[in-house]
Amino acid sequence: MSHKRVAILISGGGSNMVALLDSMRGDHPARPCLVMSNDASAGGLAKAAERGVATAVVDHRPFGGDRAAFEAELIKPLIAAQTDIVCLAGFMRVLTAGFVGQWTGRMLNIHPSLLPKYRGLHTHARALEAGEREHGCTVHEVTPELDEGPILGQARVPVRADDTPERLAARVLVQEHALYPAVLRRFAGGMREPLLMP
Ligand code: GAR
């Protein structure tokens, strides 16, 4: 069987990345080919290297606001690694329509809210401020609009009366680590129907 080759893009600690890497074993239809970050200090890079996965860094800062020039560099390691599927996992750079268009139907993102609610940042605080009784996370296909694109899976988390953004984020993150690997496995096997976790 020929495995799909998965590249994971991160900006930080990479706990979702670890969950994805550790899932791609055995009868999983995909294998990791690359972990890449826009920040050389991203904690996830060492965790990928420990697992024997190739890593790359393309620092966005020398490019100033020139997103297209940054992305022209970002795409080189992805092509060199013969990437089939790109997983954004806490990758905190906005990608242009030009870049996204090259990965249509082949790029996933995890977002810490029940999309279409709370696109963008500070999702947990905003959900609490709005008095939501339920929050969660979403894996979706990436399209040019921020945090849009077909939903591939969601996991729901009840909000507690004594929640803070930090406590709620921690419980959502546990669900992210279950949801993202489950969705990737299905996606790599050709399934696009949304996976709805309780
Ligand atoms: C995760 O909660 C992810 O959903 C979120 O950043 C965190 C990364 O954690 N992503 C976004 O906010 C994307 N806009 P990790 O580096 O430990 O996986």
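What you see is a predicted model; the values in this text were computed from it and never measured.

*Asks:* What am I meant to see in the pattern of salt bridges here?
*Replies:* When their charged atoms lie close together, side chains carrying opposite charge are able to pair. A full pass over the atoms with the stated rule returns 12 salt bridges. The partner of Arg51 in a salt bridge is Asp22, and the shortest N-O contact between them spans 2.8 Å. Taken together, the residues Arg51 in the loop between helix H2 (44-50) and strand E3 (55-57) and Asp22 in helix H1 (residues 15-23) connect sequence positions 29 residues apart. Between Asp162 and Arg167 there is a salt bridge, with the nearest N and O atoms lying 3.6 Å from each other.

*Asks:* I keep staring at the state of the cysteines and nothing clicks. Help me out?
*Replies:* Simply put, disulfide is the name for a covalent bond between the sulfur atoms of two cysteines. This structure, assessed with the given rule, holds 0 disulfides. In this structure Cys33 is not part of a disulfide, and its nearest cysteine sulfur, from Cys87, lies 9.9 Å away. Considering cysteine sulfurs only, Cys87 is the nearest to Cys137, which forms no disulfide, with 14 Å between them. On the basis of relative accessible area, Cys137 is assigned to the buried category, the value being 0%.

*Asks:* Explanation requested: the nonpolar core in the structure shown.
*Replies:* Nonpolar side chains in soluble globular proteins tend to be buried together. Membership of the largest hydrophobic core comes to 34 residues, with the highest contact counts inside it found for Ile8, Val35 and Cys87. The element that contributes the greatest number of residues to this core is helix H6 (residues 165-188), accounting for 8 residues. Leaving out residues up to four positions away in the same chain, Cys87 has contacts with Val6, Ala7, Ile8, Leu9, Leu20, Leu108, Tyr180 and Leu184. Of all hydrophobic cores here, the second largest spans 21 residues; its members include Leu9, Leu34, Ala81 and Trp103.

*Asks:* Please clarify how the site of the ligand should be interpreted in this entry.
*Replies:* In the vicinity of the ligand, the residues found are Gly13, Gly14, Ser15, Asn16, Gly90, Met92, Ile110, His111, Pro112, Leu173 and Glu176. Here an oxygen atom of the ligand and a backbone polar atom of Gly14 are 2.9 Å apart. In this structure, an oxygen atom belonging to the ligand sits 2.9 Å away from a main-chain N or O atom of Asn16. Summarising the interface, the protein chains cover 80% of the accessible area of the ligand, which totals 450 Å² for the free molecule. Cavity membership is defined here by more than half of the atoms lying within 2 Å of grid points; on that basis the ligand lies in the largest pocket. Counting only elements with at least two residues in the shell around the ligand, the list comes to H1, strand E5 (107-111) and H6. When the residues that make up the shell around the ligand are grouped by side-chain class, the tally is 4 nonpolar, 6 polar and 1 charged.

*Asks:* Just checking my understanding: could you explain the packing of H1 against H6 for this structure?
*Replies:* Across the interface, H1 lies against H6 with an axial gap of 9 Å and an inter-helix angle of 40°. When the axis of H1 is compared with that of H6, the two are oblique. As for how H1 packs across H6, the hand of that crossing is right-handed. Residue-level contacts link Ser15, Asn16, Ala19, Leu20 and Ser23 of H1 to Leu173, Glu176, His177, Tyr180, Pro181, Leu184 and Arg185 of H6. Here the residues of the contact of H1 with H6 sort into 6 nonpolar, 4 polar and 2 charged.

Conventions we followed
- Residues numbered from 1 in each chain as written.
- Predicted model: local features only at pLDDT ≥ 70, side-chain atom pairs only at ≥ 80, totals over all residues.
- Heavy atoms only, no water.
- Salt bridge = Lys/Arg side-chain N within 4 Å of Asp/Glu carboxyl O.
- Helix = DSSP H or I, 4+ residues; strand = E, 2+ residues; numbered from the N terminus.
- Disulfide = S-S within 2.5 Å.
- Buried < 20%, exposed > 50% of the residue type's maximum accessible area, 1.4 Å probe, protein only.
- Core = buried A, V, L, I, M, F, W, Y, C linked by side-chain atoms within 4.5 Å.
- Contact = heavy atoms within 4.5 Å.
- Near = heavy atom within 4 Å.
- Polar contact = N/O pair within 3.5 Å; in protein donor to acceptor, adjacent residues only side chain to side chain.
- Areas by Shrake-Rupley, 256 points an atom, 1.4 Å probe, with all protein chains shown as cover.
- 1 Å grid on protein atoms, 1.4 Å probe; cavity = no way out; pocket = protein on both sides within 12 Å on 5 of 7 lines; lining within 4 Å.
- Sits in = over half its atoms within 2 Å of the grid points.
- Nonpolar A, V, L, I, M, F, W, Y, C, P; charged D, E, K, R; others polar.
- Axes fitted to C-alpha atoms, helices over the stretch in contact; angles between N-to-C directions.
- Parallel < 35°, antiparallel > 145°, perpendicular 65-115°, else oblique.
- Left-handed = near helix turned anticlockwise from the far one by under 90°.

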